[in-house]
Amino acid sequence: MPPPNTPEEGLVATTTNAATNTATLALRPLMGGDSAAAALDLRALEYEDSVDENLICPICRVPFVTPVITNCDHVFCHKCIVQAHALNPVCPVDRLPLKLVSETRPAPKIIHNQLDNLSVRCPNNSRGCTLIVSRSLVENHVARYCEKTLVPCPHPSCNKLVIRRDIGKGCLHYDVECEYCEQVTQKADLEEHQDTECPNRKTECELCGTEYVRHKWEEHSRECPEAETSCKFALFGCEQHVKRRRLEEHALRCAYRVVGPVGEQLAELRAELNTLQERDRLKDRRIKFLENRGFPLPTPTSSEPISDMNLPEGSSTHEDTAPYESRDQYFLSLFEAMESKVERLSSALNEVEGRHSMMLFNESSQIKDQLTEIRSTMGVLGMHVRWLMNFRLQERGRAGTSAPAMSGPLSNNHENIIDDNISRRMIVNLREHPPRL
Amino acid sequence: MANLGPRRLTKELAKISNSLPPGITLVSADNLEEWFLDIQVLDQNPIYAGETYRLKFKFSTSYPIEPPEVTFVKLDTRPIPMHPHIYSNGIICLDLLGSQGWSPVQNVESVCMSIQSMLTGNTKNERPPGDEEFVRGNRLRPRDIDFYYHDNTV
Ligand SMILES: [Zn+2]
Ligand SMILES: [Zn+2]
Ligand SMILES: [Zn+2]
Ligand SMILES: [Zn+2]
Ligand SMILES: [Zn+2]
Ligand SMILES: [Zn+2]
Ligand SMILES: [Zn+2]
């Protein structure tokens with residue numbers, strides 16, 4: 001175990017054994033098999049460029065994580081506003097009363113997109129992963145691909161963690177002595193100890209006098225100006241060994257200097273040929289792929305569709321510098337990012353749907369009310385019309401019996417009686433069925 | 001999320017070590033629990049002219065959700081400023097620092113500026129009523145005292 005003298009170590013020195021071996025605990029995702037991604041704390045990420053002030057949460061001062069927007073148009077991380085709200089149920093910015101459930105909603109999509117595109121460093125950069133990737137992909141990278149992610153030790157009876165790269169090497173949780181400082185660490189942590197902690201990790205090169213990290217001796221020996229190395233024309237027959245800093249000098253005098261440049265050109269051509277062949281093979285594969293899918297082959301003049309099929313920079317031609325081990329994984333990670341976007345879209349869709357059906361319900365219930373009202377008025381009117389028709393028929397029948405010739409006007413007296421009759425019955429009817437208009 | 005505080009304080013520290021408003025200087029921030037800052041009143045208020053005062057910030061792990069504990073500390077060259085809301089033991093009665101008046105969007109810089117402006121605007125060269133008694137009897141930490149913000153004219 002390293003001495004508990006660094007500040008971080010001091011804080012955790014009393015915790016369990018499994019957690020005492022690195023000084024970077026804050027960044028270590030809690031590993032529970034595949035749930036690692038869930039444990040990655042996005043608020044601890046280091047951002048590559050400076051982030052627009054508008055994307056910074058006013059509470060935690062880091063770029064938003066699952067931002068929500070309030071009805072008063074202020075944006076916070078979901079966790080931040082929940083914590084702040086528990087203490088004081090107001091908007092932290094303008095201090096207006098705030099109801100957490102009904103007055104906040106997920107921030108607009110454009111904010112999510114901007115956050116997704118921010119470049120972050122892999123949280124395992126303290127352990128040596130130098131990847132810089134957009135924030136939407138980092139969880140996936142750490143959970144599935146990062147060589148330096150801590151994963152459970154493959155040994156069944158060992159419950160410690162080991163970096164993913166070493167997972168094939170069996171249990172590395174046994175004590176070894178550092179050969180430089182005689183401190184005892186676990187094999188799994190030896191490399192990091194010798195990289196960053198070991199008091200004797202640095203040494204001076206005997207030949208050139210510069211300081212280098214001991215266990216990176218090979219790297220130094222490849223560039224040490226005082227180390228002896230073979231002549232650059234060794235391939236063509238020169239057997240001399242000279243110090244690296246005298247290499248240029250020797251090259252001018254080297255017996256093979258005439259053959260050399262020709263040979264160099266040859267090598268260049270050969271390298272070019274190799275890359276061309278590689279590209280050719282790739283194109284062949286692509287053509288086959290297109291043929292299999294039944295796509296119409298593009299004519300030579302329109303090369304656009306082919307270049308559309310190109311993989312993103314860095315994964316097709318520079319295979320060894322690609323951040324992902326293989327193209328499949330790269331696609332997989334893209335796919336996963338898409339998947340999460342689709343999830344977010346569908347949840348947004350659900351929400352919109354909910355809101356719409358609520359709106360529909362509210363409006364249609366009003367319309368229904370009005371409809372029943374109109375229907376009852378209609379009923380009343382219908383009754384009036386029927387009554388008037390009846391009355392009219394009766395009147396005609398009576399007129400037929402009393403004055404078959406219909407020659408003269410009805411007597412005034414008779415008309416008055418009928419009028420009285422109508423108005424009285426109308427009043428009764430109205431009292432029973434008041435029109436509801 | 002108990003670790004929100006340290007992370008945010010680290011960010012604040014990085015910012016205020018670079019630049020602070022005039023009249024405010026960072027004295028020390030050796031850890032993420034206790035910081036010291038000096039403040040001066042910049043206009044020619046005769047009560048505070050020529051003096052420098054020292055503020056102590058104490059942060060709990062739930063900062064910035066909870067307010068920091070801010071008091072003046074007394075040193076040979078750093079008196080406690082006269083103000084009807086500042087007790088002679090350095091305790092400041094400012095609603096911004098109470099759990100009701102605090103907002104997590106405040107920060108060390110904004111608190112310093114608020115205290116600065118609270119001094120700037122003051123015209124009464126006096127202590128709060130009952131200061132002696134309060135200072136003699138006070139065993140509580142500032143946050144546990146229930147202040148009454150009855151006098152809003154100062
Ligand atoms: Zn607001
Ligand atoms: Zn936040
Ligand atoms: Zn990584
Ligand atoms: Zn093990
Ligand atoms: Zn060592
Ligand atoms: Zn050397
Ligand atoms: Zn040679």
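Sequence order sets the numbering: in each chain, residues are counted from 1 along the sequence as written. Key to labels: chains lettered from A, ligands numbered from 1, both in the order written. In view of the model being predicted, local features appear only for residues whose pLDDT reaches at least 70, and side-chain atom pairs are presented and counted only at 80 or more, with totals across whole chains, interfaces and linings using the full set of residues. Side-chain descriptors were evaluated using all non-hydrogen atoms of the structure, hydrogens and water having been removed beforehand.

Asks: What is the right way to read unusual backbone geometry from this model?
Replies: Backbone geometry follows two general trends: most residues other than glycine have a negative phi, and most peptide bonds adopt the trans configuration. Going from B:Tyr63 to B:Pro64, the amide bond is cis rather than trans, its omega being 5°. Numbering of helices and strands runs from the N terminus; a helix is a DSSP stretch of H or I covering at least four residues, while a strand is a stretch of E covering at least two. Mapped onto the elements, B:Pro64 comes out in the loop between strand E3 (53–58) and strand E4 (69–73). If you check the backbone angles, A:Asp73 has positive phi at about 70° while not being a glycine. Counting through the fold element by element, A:Asp73 comes out in the loop between strand E1 (67–70) and strand E2 (75–77). Its identity is not glycine, yet A:Arg95 carries a phi of approximately 65°, on the positive side. For every residue, the accessible area obtained with a 1.4 Å probe (protein chains only) is divided by the maximum for its type, and the residue is called buried under 20%, exposed over 50%, and partly exposed between those limits. For A:Arg95, a relative accessible area of 32% translates into the label partly exposed.

Asks: Even after reading the chapter, I still don't get the interface of chain B and chain A, so can you show me in this structure?
Replies: Reports often express the size of an interface as the amount of accessible area lost when the parts come together. We call two residues in contact whenever any of their non-hydrogen atoms come within 4.5 Å of each other. With 15 residues of chain B at the contact, the number on the chain A side is 18 residues. With both sides pooled, the region where chain B packs onto chain A buries about 1500 Å², and carbon together with sulfur makes up 59% of that total. For salt bridges, the criterion is a side-chain nitrogen of Lys or Arg within 4 Å of an Asp or Glu carboxyl oxygen. Summed over the shared surface of chain B and chain A, the result is 1 salt bridge. With a closest N to O distance of 3.2 Å, B:Arg7 and A:Asp41 form a salt bridge. Any pair of N or O atoms that falls within 3.5 Å is considered a polar contact. Within protein, one atom must be able to donate a hydrogen and the other to accept it, and sequence-neighbouring residues count only if both atoms are side-chain atoms. At the junction of chain B with chain A, the criterion picks out 6 residue pairs in polar contact (both at pLDDT 80 or more). Classification convention: Asp, Glu, Lys, Arg as charged; Ala, Val, Leu, Ile, Met, Phe, Trp, Tyr, Cys, Pro as nonpolar; all other residues, Gly among them, as polar. In the side of chain B that touches chain A, the residues fall into 7 nonpolar, 4 polar and 4 charged. The term buried area refers to how much accessible surface (probe radius 1.4 Å) is lost by two components on association, counted for both of them together.

Asks: Teacher, can you tell me more about the coordination of the zinc ion (ligand 7) here?
Replies: A four-donor tetrahedral metal ideally has 109.5 degree angles, and a six-donor octahedral metal ideally has angles of 90 or 180 degrees. Residue and element names in this part refer to chain A. Listed donors are limited to N, O and S atoms within 2.8 Å of the metal, widened to 3.2 Å for Na, K and Ca; water is not among them, so incomplete-looking sites are possible. Around the zinc ion (ligand 7), the protein supplies Cys231 (SG), Cys238 (SG), His250 (NE2) and Cys254 (SG) as donor atoms, at distances of 2.0 to 2.4 Å. Donor angles set the geometry label: tetrahedral for four donors if every angle is between 85 and 135 degrees, square planar for four and octahedral for six if opposite donors exceed 155 degrees and the others are between 65 and 115, irregular for anything else. Metal-centred angles of 97 to 124° between the 4 donor atoms at the zinc ion (ligand 7) mark the site as tetrahedral. In the primary structure, the donors to the zinc ion (ligand 7) are separated according to the pattern C-x6-C-x11-H-x3-C. Placement of the pair is cysteine 231 in the loop between strand E12 (228–230) and strand E13 (241–243) and histidine 250 in helix H8 (residues 247–253), with a sequence separation of 19 residues. The two residues cysteine 231 and histidine 250 agree in class, both being buried.

Asks: Mind showing me how you'd approach the sheet that holds E3(B) here?
Replies: Strand pairs in the sheet, formed through backbone hydrogen bonds, run parallel or antiparallel to each other. Residues and elements named next belong to chain B. Note on pairing: DSSP must find at least two bridges between two strands before they are called paired. As summarised here, the arrangement of the 4 strands in space is E1-E2-E3-E4, forming an open sheet in which the pairing is antiparallel. In this open sheet, the two strands that pair with only one neighbour each are strand E1 (24–28) and E4. When the angles between neighbouring strand axes are averaged without regard to direction, this sheet yields 30°. Looking at chain direction, E3 and E4 are connected through 5 bridges and run antiparallel. What sits directly across from arginine 54, in E4, is valine 73. Axis geometry follows a simple rule: fit a line to the C-alpha atoms, using only the stretch in contact for helices, then measure angles between N-to-C directions, giving values from 0 to 180 degrees. Its contacts with the sheet put helix H2 (residues 108–120) on E1, strand E2 (34–39), E3 and E4, and the angle it makes with E2 is roughly 40°.

So far we have only geometry, and geometry alone does not tell us how the molecule works.
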